[in-house]
Amino acid sequence: MRNRDPETPSLPEKASLFTRFIAKIDPRRRGLTPPAAQSIRGNMIAIGVARIGAILLDSLVYVLTARYFGPEDYGHYLAVLAFLTLVDVAADMSVMDIAVREMSQHPDESGGWLGALTFLRTGLGALGMAAFTAYSLFRGLNQAHQSTLWLGLLILAAGSLRTPLAIFRAQMRMNYELAIILATRLFNLLLFMWLISLHSPVHHFFAAVLGSRALLAVLSWECVRRKFPVRLSIQKQQVLLLAKESLPMALSGLFVAIQLKADILILAQHAGKELAGLYGAVAQLPEYSLYLPVIISTPLLPVMSRAFRNSDVQEFTKFYQQMFDAILALGIPAAVLTAVMPAAVVKLLFGDGYVAASAYVPVLLLATMAMWASHAMAIAAVAGGLQRHFIWIQSVCVVLYVGLNWILIPGLGPMAAAYVRLLTAALAPVLTYIVVRRYVGAGLGFAGLGRTLLAGAGMAAALVMVEASSALPLIPAAMIGVAFYALAMWAMRQTREATA
């Protein structure tokens, strides 16, 4: 093992995680100027606020639409939107992160990388448009569906043009992304509220989605034109290199996107729109929740990458452990609340018409916790240069996922879909953990997880007692449960430090 970088100053043992994070960054190796490195904290805040704001605004949109349409119409709306989102998620996961890395390392060539990214992202969008056309024809088209088809194609085209977000991230100017994301999400929410007040048909809501995505593209490109001195170009060498580097991410990203949406599509095909609408309303909660662990993992990825480059397995393992513990600690309260009071959560979010879906919520929340654990381990794998293993890991998971859903859903319905999600979501972190342990030598201790689970069990007991002894509404009961959880975590931490 090589020694640590002699230029890196030593830090006191009790230095904060953020202080250690800043100290580990070498601006010259990351292609950043020192002032850009000093702005990392502001960029972390910007991306965190952007993601949380997007979650809140998008959650309002999908709760309002679920209430407005009812299970059957919402099932039709969601079956189409799920396919469109699947294409966009898979395409973005394929090329965006690689492009950000290249722009960061070669800032003088940002215009060429932006051109290559836009070229490839548009090509992926075109493939998605062809797939969406085939899917729409397979489902059968009436007049309303024909309007939806054309709007869906335009939505995919507009989604391909949000590539300037990569340059905001690469040049550490995420405040622009914050402003644009929140503005377009708010615009989308206002459009949906307006359409609901007009009692509009389903295809008008797809027109609203198109409008908000087009606005995102226009604002992003206008911001690049005005604020970033880059000359857009398309160079064959950069296109080919970006395509080569992105291929493993494309395949694994596609498989992950399938595992977030395909069970809803299979339900719509075999179990009817109403059941698909019921299940789909709660099945999207895990997808929205994935924004949260990214906020924790984003500042730790460069730290872990630096530790791996220096062959400092001890440092790598320390941050790997902290990331895993923090991500699970953040997610446990939501899982406990929905497991103890699923009907109240569903009723609050979607109304009485969706209470039947509460039966699936505890299983889906366990699957969400597995997905969060998988995210932490995937970040460790990326930091260790092991992302090529995602292809076989996600291939195993997606084959199992699609096969079991196709076999079980026709007979067992949404509950089968929920348990299949749990099984395949739990398999991915196990396989990724084995890969990281084998090739990097970094493992995890699970004492922290045990303490988190113990605090979660105490929260569950507090919620049960509150529910049995009073008729408190969900929100006050949740506040009591979360307060108990936080107090338990604090007490165990104080005890651990006192006995250390």
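Being a predicted model, the structure only gives us computed values, none of them experimental. (Residues numbered from 1 in each chain as written. Predicted model: local features only at pLDDT ≥ 70, side-chain atom pairs only at ≥ 80, totals over all residues. Heavy atoms only, no water.)

**Observations regarding the overall build of the protein chain**
Okay, step 1: Assigned secondary structure in the protein chain consists of 19 helices and 0 strands.
Okay, step 2: Taking all 500 residues of the protein chain together, the buried fraction comes to 53%.
Okay, step 3: Across the protein chain, the fraction of contacts at a sequence separation of at least 24, relative to all contacts at a separation of at least 6, is 81%.
Okay, step 4: As displayed, the protein chain has an accessible area near 22,700 Å², and 67% of this comes from carbon and sulfur atoms. (Helix = DSSP H or I, 4+ residues; strand = E, 2+ residues; numbered from the N terminus. Buried < 20%, exposed > 50% of the residue type's maximum accessible area, 1.4 Å probe, protein only. Contact = heavy atoms within 4.5 Å. Areas by Shrake-Rupley, 256 points an atom, 1.4 Å probe, with all protein chains shown as cover.)

**Concerning helix α9 (residues 236–270)**
Each α-helix winds once per 3.6 residues, and so residues spaced three or four apart point in a common direction.
Okay, step 1: The sharpest bend along α9 comes to roughly 45 degrees, located at Ser-246, with the proline Pro-248 sitting one to four residues further on.
Okay, step 2: Once α9 finishes, Gly-272 follows within two positions and takes phi at roughly 95 degrees, a positive value. (Bend = angle between axes of the 7 residues up to and from the residue.)

**Details of the packing of aromatic side chains**
Okay, step 1: If you walk through the whole model with that rule in mind, you get 9 aromatic pairs.
Okay, step 2: On the basis of an interplanar angle of 70 degrees and a centroid distance of 5.7 Å, the ring pair of Tyr-176 and Phe-228 is categorised as edge-to-face. You can see Tyr-176 sitting in helix α7 (residues 174–197) and its partner Phe-228 sitting in the loop between α8 (202–227) and α9, a full 52 residues away along the chain. No difference in accessibility class separates Tyr-176 from Phe-228, as the two residues are buried.
Okay, step 3: Taken together, Tyr-68, Phe-69, Phe-192 and Phe-205 form an aromatic cluster joined through their ring pairs. (Phe/Tyr/Trp six-rings, centres within 6.5 Å; stacked < 30°, edge-to-face > 60°.)

**A word on the packing of helix α16 (residues 389–412) against helix α17 (residues 414–439)**
Okay, step 1: Relative to each other, α16 and α17 sit at 165 degrees, their axes nearing to 9 Å. With respect to α17, the element α16 is oriented roughly antiparallel. Handedness of the α16/α17 crossing: right-handed.
Okay, step 2: Among the residues forming the contact of α16 with α17, the class breakdown is 22 nonpolar, 5 polar and 1 charged. (Axes fitted to C-alpha atoms, helices over the stretch in contact; angles between N-to-C directions. Parallel < 35°, antiparallel > 145°, perpendicular 65-115°, else oblique. Left-handed = near helix turned anticlockwise from the far one by under 90°. Nonpolar A, V, L, I, M, F, W, Y, C, P; charged D, E, K, R; others polar.)

**Comments concerning the pattern of salt bridges**
Okay, step 1: Under the definition given, this model contains 10 salt bridges.
Okay, step 2: One salt bridge in this structure joins Asp-88 and Arg-162, with 3.8 Å as the shortest N-O distance. On the criterion of sequence distance, the pair formed by Asp-88 in helix α3 (residues 40–105) and Arg-162 in the loop between α5 (143–159) and α6 (165–170) is long-range, its members being 74 residues apart. Here Asp-88 and Arg-162 have matching classes, each one buried.
Okay, step 3: Salt-bridge contacts for Arg-121 lead to Asp-92; the nearest nitrogen and oxygen are separated by 2.8 Å. (Salt bridge = Lys/Arg side-chain N within 4 Å of Asp/Glu carboxyl O.)

**Notes on the side chain of Thr-317**
Okay, step 1: Mapped onto the elements of the fold, Thr-317 is located in helix α13 (residues 313–340).
Okay, step 2: A distance of 2.7 Å separates a polar side-chain atom of Thr-317 from the backbone oxygen of Val-313.
Okay, step 3: In contact with Thr-317, other than residues within four places in its own chain, are Ala-442 and Gly-443. (Polar contact = N/O pair within 3.5 Å; in protein donor to acceptor, adjacent residues only side chain to side chain.)

**What about α17?**
Okay, step 1: Compared with an ideal rise of 1.5 Å per residue, which puts 26 residues at 38 Å, α17 spans 38 Å between its outermost C-alpha atoms and is within 8% of the ideal.
Okay, step 2: In the segment just after α17, Gly-441 is the residue with positive phi, at about 85 degrees. (Expected span 1.5 Å × (residues − 1).)

**Details of the nonpolar core**
Okay, step 1: Ranked by internal contacts, the top residues of the largest apolar core, which has 109 residues, are Phe-316 and Tyr-320.
Okay, step 2: With near-sequence residues (within four places) excluded, Phe-316 lies in contact with Met-304, Ala-307, Phe-308, Ala-380, Ala-383, Gly-384, Val-436, Val-440 and Ala-442.
Okay, step 3: Residues Trp-113, Ala-116, Cys-223 and Val-224 belong to the second largest nonpolar core, which totals 27 residues. (Core = buried A, V, L, I, M, F, W, Y, C linked by side-chain atoms within 4.5 Å.)

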